[in-house]
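Reading the structure
Listed below are the residues making up each chain.
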Amino acid sequence: MIDKTKDKALQYYRNAWKTQDLHEEVYSQDVEFYAPMKVFKGKEVVLAALKNWFMLLHDVSEVSYITHGEQAVMLSRLALNNSGGSIYYLWEYDYFQFNANGQIKLYRPIFDSGKATYELLGFDIAARCAEARKLADRQ
């Protein structure tokens, strides 16, 4: 049986990357976003951080996801605007947790910390992302 509340939250989340329209009601007040280099906490802070990511995105395609209990995973193919003006393609895996109301309370993208990150961001930033991720994981 599909949980329509969680299903809707995931669809709104991914569509926001295409439409740049965040449906604020699908995020809990205490939502946490574990970005590659920083952890953002609280709805206002998380939504502002997500809006900043919009400028990187060129396109999203091939989205699939599954929910199980209070968790979900999503796989998407992203086309990102590379700093050199070219388009960079990668697969992004996202992990979500929901509260009792079906709102997203935790969002964590899992990026390839190896070749894909290096090609997109460059060695220095990729190395800092990897170190930031290790620190965030200890929290």
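Please refer to the structure higher up on the page.
Overview of the structure. (Residues numbered from 1 in each chain as written. Predicted model: local features only at pLDDT ≥ 70, side-chain atom pairs only at ≥ 80, totals over all residues. Heavy atoms only, no water.)

Some thoughts on the pairing of strand β4 (residues 71-81)
- Here 9 bridges tie strand β3 (residues 57-68) to β4, and the two strands are oriented antiparallel to one another. Considered in β4, the bridge of D59 is made with A79.
- Linking β3 to β4, which pair antiparallel, is a turn of 2 residues; within it G69 sits at a positive phi near 60°.
- Pairing analysis gives 11 bridges linking β4 to strand β5 (residues 87-98), with the strands arranged antiparallel. (Pairing = 2+ DSSP bridges. Helix = DSSP H or I, 4+ residues; strand = E, 2+ residues; numbered from the N terminus.)

Focus: the packing of aromatic side chains
- Considering all chains together, one arrives at 7 aromatic pairs under this definition.
- Ring centres of Y13 and Y107 lie 4.9 Å apart, and the angle between their planes is 55°; this geometry places the pair in the tilted category. In this pair, Y13 sits in helix α1 (residues 4-19) while Y107 sits in strand β6 (residues 104-110), placing the two residues 94 residues apart along the sequence.
- For Y13, a relative accessible area of 1% translates into the label buried. (Phe/Tyr/Trp six-rings, centres within 6.5 Å; stacked < 30°, edge-to-face > 60°. Buried < 20%, exposed > 50% of the residue type's maximum accessible area, 1.4 Å probe, protein only.)

Observations concerning a nonpolar patch on the surface
- The grouping of L75, W91, Y93 and I110 at the surface amounts to a nonpolar patch, some 360 Å² of accessible area in total.
- Inspection of the secondary structure assignment puts L75 in strand β4. (Patch = residues over 30% accessible without salt bridge, like charges linked within 9 Å, V, L, I, M, F, W, Y side chains within 5 Å. Areas by Shrake-Rupley, 256 points an atom, 1.4 Å probe, with all protein chains shown as cover. Salt bridge = Lys/Arg side-chain N within 4 Å of Asp/Glu carboxyl O.)

Quick notes on the side chain of K6
- Its location among the elements puts K6 in helix α1.
- Residue K6 is classed as buried on the basis of its relative accessible area of 6%.
- Of note is the side chain of K6, whose polar atom sits 3.3 Å from the side chain of E70.
- Leave out the neighbours within four places in its chain, and K6 touches T67, G69, E70, F98 and G102. (Polar contact = N/O pair within 3.5 Å; in protein donor to acceptor, adjacent residues only side chain to side chain. Contact = heavy atoms within 4.5 Å.)

Considerations on the side chain of S28
- Counting through the fold element by element, S28 comes out in strand β1 (residues 27-34).
- A distance of 2.8 Å separates polar atoms of two side chains, one belonging to S28 and the other to D30.
- Not counting chain neighbours up to four residues away, the residues in contact with S28 comprise K43, N99, Q103, I104 and K105.

Describing helix α2 (residues 43-53)
- Buried within α2 are the following residues: K43, V46, L47, A49 and L50. On an axial view of α2, the arc spanned by its buried residues comes to 160°, and they lie on one face.
- In this fold, the buried residues of α2 make contact with α1, β1, β2 (39-41) and β6. (Arc of directions from axis to C-beta.)

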